[in-house]
Amino acid sequence: MADVVSFPADRRTSCTISPYRAYRFAPDGSVSSTIPITAADDAEALERAYHLSDGARVELWARARFVAHVDPLNGPVATKIKLLEDEPTIEP
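The structure reproduced in this document is the subject of the present report.

Criteria and cut-off values
- Residues numbered from 1 in each chain as written.
- Predicted model: local features only at pLDDT ≥ 70, side-chain atom pairs only at ≥ 80, totals over all residues.
- Heavy atoms only, no water.
- Helix = DSSP H or I, 4+ residues; strand = E, 2+ residues; numbered from the N terminus.
- Buried < 20%, exposed > 50% of the residue type's maximum accessible area, 1.4 Å probe, protein only.
- Salt bridge = Lys/Arg side-chain N within 4 Å of Asp/Glu carboxyl O.
- Phe/Tyr/Trp six-rings, centres within 6.5 Å; stacked < 30°, edge-to-face > 60°.
- Lys NZ or Arg CZ within 6 Å of the ring centre and 35° of its normal.
- Polar contact = N/O pair within 3.5 Å; in protein donor to acceptor, adjacent residues only side chain to side chain.
- Contact = heavy atoms within 4.5 Å.

Structural notes on the overall build of the protein chain
Scanning the protein chain for helices and strands turns up 1 helix and 4 strands. Reading the protein chain from its N terminus to its C terminus gives the helix and strand order β-β-α-β-β. Relative to its full complement of 92 residues, the protein chain shows a buried share of 17%.

A look at the pattern of salt bridges
If you walk through the whole model with that rule in mind, you get 3 salt bridges. Here Asp42 ties to Arg65 by a salt bridge, and the two come within 2.9 Å at their closest N and O atoms. Of this pair, Asp42 sits in helix 1 (residues 42-52) while Arg65 is found in strand 4 (residues 65-70), placing the two residues 23 residues apart along the sequence. The exposure class assigned to Asp42 is partly exposed, which follows from its relative accessible area of 28%. Residue Arg48 pairs with Glu44 through a salt bridge whose shortest N-O separation is 2.7 Å. Here Arg48 and its partner Glu44 are both found in helix 1, 4 residues apart, which amounts to about one turn of the helix. According to the relative accessible area criterion, Arg48 is partly exposed, its value standing at 39%. For Glu44, a relative accessible area of 27% puts it in the partly exposed group.

Examining the packing of aromatic side chains
Summed over all chains, the structure comprises 1 aromatic pair. Positioned above the aromatic ring of Phe25, the side-chain terminus of Arg57 is 3.8 Å from the ring centre.

Overview of the side chain of Glu59
With respect to the secondary-structure elements, Glu59 resides in strand 3 (residues 58-62). A relative accessible area of 18% means that Glu59 is categorised as buried. At 3.1 Å, the side chain of Glu59 and the side chain of Trp61 are in polar contact. What Glu59 contacts, discounting residues up to four positions off in sequence, is Arg21, Ala22, Tyr23, Phe25, Phe66, Ala68 and His69.

Here it is, written out as structure tokens:
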């Protein structure tokens, strides 16, 4: 039986590129899609994940290792916080 099946001599060649996954989140916080990313390193995978965000929050993982959180490129950024008038305030 060993003569019929041939296995690659160098098993590391198929593992030189690490499998990454990008998880895209919906506005309600649930995972809306999972996208496999093929990249040689974290930097390359992160660059590809930025292009996948498309206005959504994305997390980049390499197997069970968290790599990065990718914010939407044009997402809103809070510059200040204002108390609402109907909220109670604490007097110092």
